[in-house]
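This is what each chain is made of:
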Amino acid sequence: MKPAAKRWWTLAALALSMCLSTGFAPQSLLLSQDAPPTAPACKFCKSTGREVCSEHPAGECESEDGVLYCSHIADCKVCAGTGWVVCRECKSDVAQAALDKKKADIEKRRIALKALDGKMDRELCKVETKHFILVWELERIKVDKKFLNQHEGMHLYAVRLERLYDDYCARQKLVDKDFREKFKVFVWGWPKDHEAGALAFCGQNASGGVKLMGSTPAYSVCGNKRNFNDDDLLHRNIVHSVTHLMLSAQQFPAWMGNVKGGWCDEGLSHWFEDRYWGICDNYCYQESNSNVDFKGGKFRLAVRKLIETDKVPPAPQVFERTSDTLTLPEHAVAFSYVDYFLSRDGEKFKALCAELKRKVHTRDALKKVYDLSVMEFEALWKAWVLQTYPTK
Ligand SMILES: [Zn+2]
Ligand SMILES: [Zn+2]
Ligand SMILES: [Zn+2]
Ligand SMILES: [Zn+2]
């Protein structure tokens, strides 16, 4: 290869990697090797075709690429809510077209999201992503020993919610069309806002987190330091609660927690707590009591001990419970049932969930999906726990 051609390829490869990392489709670089790229190699913008908007603090514009709308910068006269402007040196057409498209999308979402503001009689701090609308009213939050401002905190939680969505769907092989609408999550800074917001968006209120299950899923919680004195606790609470919303919304919307599917409803939410933290400490009682604890939240260890000491709640009893009548040991066992099913086959678990939502009793659903009686299931599950769970 001639030196000039080699340099062109190096630049193209460099620009390609940059375009990929910033989320811009490098269309000009996908043409045949004879066609010159339409976006010129530019040292100023490193060939991304754009630069961050000068109106916002350093490091905050990059996260706008991950969202569809952010109220924090939506009114900016310079970037029109995109966080970026086209590079003043290369004036890339490709980048300009992408920014124009995002600006048009932002305007559409601004109008749709106005309805939320209307219910609270003020403009809410909010962000919209592919699968969530997150209202975030915590002025700051300490994450890993560093204080994040409201804007940074909101984007962090938007990323976390999308990550949960992907993980949740991957476990059961669900796709976007298994859900009817976006999930709304409200994290308030003041109890009075949570009280009004839960009533407005979830149809009821309580001092603890409030969920609206089913086809228009929503969760409202007061995320202040009094309720959650660190980021992990708030994050875990949101993972637990949003898992409930997702289970209730998938396929056909229905809440199984009040029709004897309590073990599956609570078990799956605990499963995601355990997955990320190895601790389960969220319980959905009518008036949630933050002091509830079972064996320090170490459910695997607890379940193993219950089986070893012959004190494990029998499956026929657990399968009669609604979500709010499960005892503490039953919560741990419910987690472990879900753990067992997900370790076998996520798609079969999805089928089991669908049966429970149709108000089929777990006994009959087990027979239909797994061809197992309750006794057979329980024996298999116990053996699996003793084989796989830690002893300390
Ligand atoms: Zn440039
Ligand atoms: Zn933002
Ligand atoms: Zn701006
Ligand atoms: Zn729960």
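This text gives an overview of the structure that appears in the document. Keep in mind that this is a model prediction, so the values were computed, not measured.

As for the side chain of Asn224
Piece 1. Structurally, Asn224 is set in the loop between strand E10 (218–222) and helix H5 (231–249).
Piece 2. A relative accessible area of 15% means that Asn224 is categorised as buried.
Piece 3. When near neighbours in sequence (up to four residues on either side) are disregarded, Asn224 contacts Leu138, Trp188, Gly189 and Pro191.

What to know about the packing of aromatic side chains
Piece 1. Per the stated rule, a full pass over the model turns up 26 aromatic pairs.
Piece 2. When the centroid spacing of 5.4 Å and the interplanar angle of 65 degrees are considered together, the rings of Tyr340 and Trp384 count as edge-to-face. With Tyr340 in helix H9 (residues 328–344) and Trp384 in helix H12 (residues 374–388), this residue pair connects regions lying 44 residues apart in the sequence.
Piece 3. Here the aromatic residues Trp263, Phe319, Tyr337, Tyr340, Phe341, Tyr370, Phe377, Trp381, Trp384 and Tyr389 are joined through ring pairs into a cluster of three or more.
Piece 4. Over the aromatic face of Tyr157 sits the side chain of Arg160, whose NZ or CZ is 4.8 Å from the ring centroid.
Piece 5. The residue whose ring lies beneath Arg300 is Tyr389, and the NZ or CZ to ring-centre distance is 5.2 Å.

Examining the coordination of the zinc ion (ligand 1)
Piece 1. Summarising the metal site, the zinc ion (ligand 1) is bound by the protein donors Cys42 (SG), Cys45 (SG), Cys87 (SG) and Cys90 (SG), whose distances to it range over 2.2 to 2.4 Å.
Piece 2. In the primary structure, the donors to the zinc ion (ligand 1) are separated according to the pattern C-x2-C-x41-C-x2-C. Taken as a pair, Cys45 in the loop between helix H1 (3–22) and strand E1 (50–52) and Cys90 in the loop between strand E3 (84–86) and helix H2 (93–120) lie far apart in primary sequence, 45 residues in all.
Piece 3. A relative accessible area of 7% means that Cys45 is categorised as buried.

Some thoughts on the coordination of the zinc ion (ligand 4)
Piece 1. Of the protein atoms, only His240 (NE2), His244 (NE2), Glu266 (OE), Glu266 (OE) and Cys284 (SG) coordinate the zinc ion (ligand 4), at distances of 2.0 to 2.5 Å.
Piece 2. Mapping the donors of the zinc ion (ligand 4) onto the primary sequence yields the spacing H-x3-H-x21-E-x17-C. Residue His240 is found in helix H5, and its partner Glu266 is found in helix H6 (residues 262–277); the two are separated by 26 residues along the sequence.
Piece 3. By relative accessible area, His240 is classed as buried at 1%.

Overview of unusual backbone geometry
Piece 1. With phi around 60 degrees, Ser47 is a residue other than glycine that occupies positive phi space.
Piece 2. By the secondary structure assignment, Ser47 is in the loop between H1 and E1.
Piece 3. For Asp310, which is not glycine, the phi torsion reads 60 degrees and is therefore positive.
Piece 4. Mapping Asp310 onto the fold places it in the loop between helix H7 (299–308) and helix H8 (315–318).

As for H2
Piece 1. Along its 28 residues, H2 runs 41 Å from first to last C-alpha, staying within 8% of the 40 Å computed at 1.5 Å per residue.
Piece 2. Residue Ala112 marks the point of greatest curvature in H2, where the axis turns by about 30 degrees.
Piece 3. For H2, the set of buried residues is Ala95, Leu99, Lys102, Asp105, Ile106, Arg110, Leu113, Leu116, Asp117 and Met120.
Piece 4. At the C-terminal side of H2, Asp121 shows a positive phi close to 60 degrees.

So, the pattern of salt bridges
One side chain can pair with another of opposite charge once the charged atoms of both are near each other.
Piece 1. This structure, assessed with the given rule, holds 28 salt bridges.
Piece 2. Two residues, Glu128 and Lys182, come together in a salt bridge whose shortest N-O distance is 2.7 Å. Linking Glu128 in strand E4 (residues 126–128) with Lys182 in the loop between helix H3 (150–172) and strand E8 (183–188), this pair joins segments that are 54 residues apart in sequence.
Piece 3. You can call Lys182 partly exposed: its relative accessible area is 21%.
Piece 4. For Glu355, the salt bridge identified is with Lys368, shortest N-O distance 3.0 Å. With a gap of 13 residues between them, Glu355 in helix H10 (residues 346–357) and Lys368 in helix H11 (residues 362–370) connect regions that are remote in the sequence.
Piece 5. By relative accessible area, Lys368 is classed as exposed at 59%.
Piece 6. Overlapping salt bridges bring together Arg122, Glu137, Lys192 and Asp193 as one network.

Conventions used here
- Residues numbered from 1 in each chain as written.
- Chains lettered and ligands numbered in written order.
- Predicted model: local features only at pLDDT ≥ 70, side-chain atom pairs only at ≥ 80, totals over all residues.
- Heavy atoms only, no water.
- Helix = DSSP H or I, 4+ residues; strand = E, 2+ residues; numbered from the N terminus.
- Buried < 20%, exposed > 50% of the residue type's maximum accessible area, 1.4 Å probe, protein only.
- Contact = heavy atoms within 4.5 Å.
- Phe/Tyr/Trp six-rings, centres within 6.5 Å; stacked < 30°, edge-to-face > 60°.
- Lys NZ or Arg CZ within 6 Å of the ring centre and 35° of its normal.
- Donors = N, O, S within 2.8 Å, 3.2 Å for Na, K, Ca; no water.
- Expected span 1.5 Å × (residues − 1).
- Bend = angle between axes of the 7 residues up to and from the residue.
- Salt bridge = Lys/Arg side-chain N within 4 Å of Asp/Glu carboxyl O.

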